[in-house]
Amino acid sequence: MTERARAEGRAGVWSGSWVAERLGVELAGDDSLTGLLGLALRRNPKRAHLLVSNVLGKHVPQSPSVVHGHGVALGRRVRDLLGAETAGHAVVLGYAETATGLGHSVADGLGAAPYLHSTRRPVAGVGRAGGFEESHSHATSHLLLPEDPALLAGDGPLVLVDDEFSTGNTVLNTVRALHERYPRKRYVVVALVDMRSPADAGRLEDFAREIGARVDLVTAASGTVRLPPGVLEKGQELVARYEAGSAGAGVGAGTGAGGAVGRVARVDLRWPDGVPDGGRHGFTAAHRERLENALPGMAARIADALPAGARRVLVLGFEELMYAPLRLADALERATDADVRYSTTTRSPVLAVDDPGYAIRTRLVFPAHDAPADGPGERYAYNVAGAGFDAVVAVVDSAADTPELHASDGLLGRLAAHVPHVLLAVVPSYVPHAPHAPERPPMLPEPLRGPDFSSYASDEVGWLLQDFSDVTLEAPTEEREEAIQSGGAHYAESLPVEYQPSEQYQELFHAALDTSAARLARAVGAVTEIVLAERSPRPVLVSLARAGTPVGILMRRWAQYRHGLDLPHYAVSIVRGRGIDANALRWLAAHHDPADVVFVDGWTGKGAITRELAAALRDFEVSDGVTGFNPEIAVLADPGSCVRTYGTRDDFLIPSACLNSTVSGLISRTVLRADLVGPHDFHGAKFYRALAGADLSPAFLDAVSAHYPDVTDTVHAQAKELLAADRTPTWEGWAAVERISEQYGIDDVNLVKPGVGETTRVMLRRVPWKVLARAGAGADLDHVRLLAEQRGVPVEEVDDLPYTCVGLIHPKYTRGATGADGKAVAL
């Protein structure tokens, strides 16, 4: 849609004229009708035309204050009709998907009325309070799933809200179904437009007499649609002809542009805890008050995340999730000088024609991304492509924040192909409490242990994780990198493909282990002695899965060898940007004294996880009131100078960094994804049983612990020296990363991975750009040089590097951006 086309649309061309001229459809009634409605053609065998509302915020982007204002005005008219006292007992029911936001806005205008909308998404554990059919719709079944079944059981008025009142069938089906279970004396039907034919006009009064109740109708405008004979067949032929020739498909129709050109980033709304994302399970006056108080702050966070100079911004809701994005858009409109518009995605298939006399100018097509109960299918965003938006804020609930959303052909990718900046805001999907159940999380499961989960012995480590071994989570390295850097996916939502190490690479691992096993044993002994001296005489070792797990086992073995201690050891998940697994902390607090817990990791790079853990524990104290967890991590090597408890600050090769699962008990990196990990679940991981033939995990542990008797005296001296030394972190590593980031033009420090361990991870799991090696670095870098040669990555020697090496992830990566062959390395 060009600027000229938009200007034509504003210049007085009715957005229903194209259909009217070709099909002979007439819109007759109030003078305001053509301002409220346009026309389009459905891809629907039951009805040819579609009345497209200009003020609903579904298909046509509109000012959010206009959209909300129309609903609130209708609600106030209902309040005036009922009277203040009777209105105080009313319940408002909206229709999915199109009128969920309108119904909620009507409830706002009515006052303190609770709100519920029908839904096409069944929710496990929530019983149906009713259901009905919408015969002409593309998706007919409606469910009523209130958290409180008593919501519909009162005797006050029931206010039913839909966008249009066309035949009356939907409302009659609803009232008939509900009146049988929850009879009442009064109903009010609310719609933006009353478009009933003369034949349908008397049915509502007849029905009211039949059930013995009063039924009122409140609308903003009224009229009729006059359809000539044969309009359905003629409309279907017109749709088929335009779609076959793509003559009227409009910008961004079909599959959209080839590759994303815009940036995708997340914005954290900090949605208020316990406030539902909408009316699917009910929305009360108390919820409304809390949301109103939180809206200015959420709008400010969106405004801060918008690109500088954004003048035209769309807030795009998601199917039934209309009200939350509407109110966010309304608050954003008040908080900024930008021209803010609001619309939502939809299931409804409509022909797009780029003509000022047609209501649906452009169409973006993408797959469903909320695992709908009726199966996968196409979804649509209309009048977004080519509309001149500088930024789009896509608002979805957490149940819809799935890989399909972030896929190259998903909604975010389609938006980014047409809009320079895309922000993703995720509202937590509200999970109703089970009726009459105590409001506490279910009992957490016991830790997973080998040999059922991992190749480690059962007493070596207990995994506070859930088993995702049967879930397909792997994605090609290049695909993951593109999604992560575009903001379309978090690294913890998928896994890199795990490969069998090649014979050459295994030889390198064994050579590195032979060289460094004694050095590792000294570092393990030193850090364990410091923990026992300074932290607790009987610590509970909690390793950060998965790199920390082999180190935790080695520390446990040292304590057993040197002091006869049988220390408990667990592995938990921590995710950069998402924090530590709070349910794992709850399990630990229920079984051990938090003051005895010592978090263990393999090594430090720039200290990101150190900071992540500290922030996560502060949040946990606030949320759960549990104190005592010490955020200080104990590590084998601290080349970044980020912690006080370490075995060495040398940056040397820890052989467990050379491999992935085959030196980590055959366990994957941990996974945190909303559709797999519920609010009372541990994070997850996979057990790669199929790689058992290449497993070096026990061999690694045994090779290091075999040196314990040889290094005992050295460890005693080294630990004594460290305990007497000033071990205050200098954060030298972080400063070096910032310096390198600036020097090499990388605007994201997360793409700079310092140290041998982190560089190895870059080579194995990410798309490397180059490796910086300290001049004169020797055998510690043999494996890095081998990986670099295999992937065609340059190794650049640098003087005065505080680390042995630094790995640089390819900045602003998209597939094809590097000179490498694009194939994942076969190890």
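The structure this text deals with has already been given above.
Residues numbered from 1 in each chain as written. Predicted model: local features only at pLDDT ≥ 70, side-chain atom pairs only at ≥ 80, totals over all residues. Heavy atoms only, no water.

## Thoughts on the overall build of the chain
Scanning the chain for helices and strands turns up 24 helices and 32 strands. Split into buried and exposed, the 827 residues of the chain put 59% on the buried side. In the chain, the proportion of contacts linking residues at least 24 apart, taken out of those at least 6 apart, comes to 78%. (Helix = DSSP H or I, 4+ residues; strand = E, 2+ residues; numbered from the N terminus. Buried < 20%, exposed > 50% of the residue type's maximum accessible area, 1.4 Å probe, protein only. Contact = heavy atoms within 4.5 Å.)

## Some points on the sheet that holds strand 8 (residues 158–165)
Here we have six strands laid out as an open sheet, ordered 1-10-9-8-4-5, and mixed in their pairing. Two strands bound the open sheet, and with one partner strand each, they are strand 1 (26–29) and strand 5 (115–117). Strand-to-strand twist of the sheet, defined as the mean angle between neighbouring strand axes without regard to direction, takes the value 25°. Strands strand 4 (91–94), strand 8 and strand 9 (186–194) of the sheet are contacted by helix 7 (residues 169–181), whose axis makes an angle of about 160° with strand 8. (Pairing = 2+ DSSP bridges. Axes fitted to C-alpha atoms, helices over the stretch in contact; angles between N-to-C directions.)

## Thoughts on the environment of V531
The topology assignment puts V531 in helix 16 (residues 503–534). Assessed through its relative accessible area of 1%, V531 is described here as buried. Sequence separation between V531 and Y646 is 115 residues; the distance between their C-alpha atoms is 9.1 Å. What V531 contacts, discounting residues up to four positions off in sequence, is S536, P539, M555, V598, A634 and T645.

## As for the sheet that holds strand 29 (residues 752–754)
Strand order across the open sheet formed by four strands is 29-32-30-31, with mixed pairing between neighbours. Of all strands in the sheet, those with a lone pairing partner are strand 29 and strand 31 (795–798), marking the two edges. Each adjacent strand pair in this sheet contributes to an overall mean axis angle of 20°, direction not counted. By the bridge criterion, five bridges tie strand 30 (residues 768–774) to strand 32 (residues 805–809) in an arrangement that is antiparallel. Paired with K770 across the bridge in strand 32 is L808.

## Some remarks on the nonpolar core
Counting residues in hydrophobic clusters, the biggest one holds 136 residues, and the most contacted among them are L41, V159, V190, Y358, V393 and L415. Leave out the neighbours within four places in its chain, and V190 touches L74, V78, V106, V159, L160, V161, D162 and V218. One finds V575, V663, A685 and V715 within the second-largest nonpolar core, a separate group that totals 56 residues. (Core = buried A, V, L, I, M, F, W, Y, C linked by side-chain atoms within 4.5 Å.)

## Quick notes on the pairing of strand 30
For strand 30, a buried count of five out of seven residues is recorded, marking the element as mostly surrounded by other parts of the structure. Two elements, strand 30 and strand 31, share four bridges in a ladder whose sense is parallel. Bridge pairing in strand 31 links V771 to V795.

## Brief notes about the packing of aromatic side chains
How two aromatic rings sit relative to each other is given by the distance of their centres and the angle of their planes. Enumeration over the complete set of coordinates arrives at 13 aromatic pairs. Geometrically, the ring pair formed by Y380 and Y382 is stacked, given 5.8 Å between the ring centres and 10° between the ring planes. Overall, the relative accessible area of 2% leaves Y382 in the buried class. Arranged with centres 5.2 Å apart and planes meeting at 65°, the rings of Y570 and W587 form a pair that is edge-to-face. One end of the pair, Y570, is in strand 23 (residues 569–575); the other, W587, is in helix 18 (residues 582–591), and 17 residues separate them in sequence. A network of ring pairs unites the aromatic residues F453, Y456, W463 and F687 as a single cluster. For K770, the ring lying beneath its charged end belongs to W769, and the centroid distance is 4.7 Å. (Phe/Tyr/Trp six-rings, centres within 6.5 Å; stacked < 30°, edge-to-face > 60°. Lys NZ or Arg CZ within 6 Å of the ring centre and 35° of its normal.)

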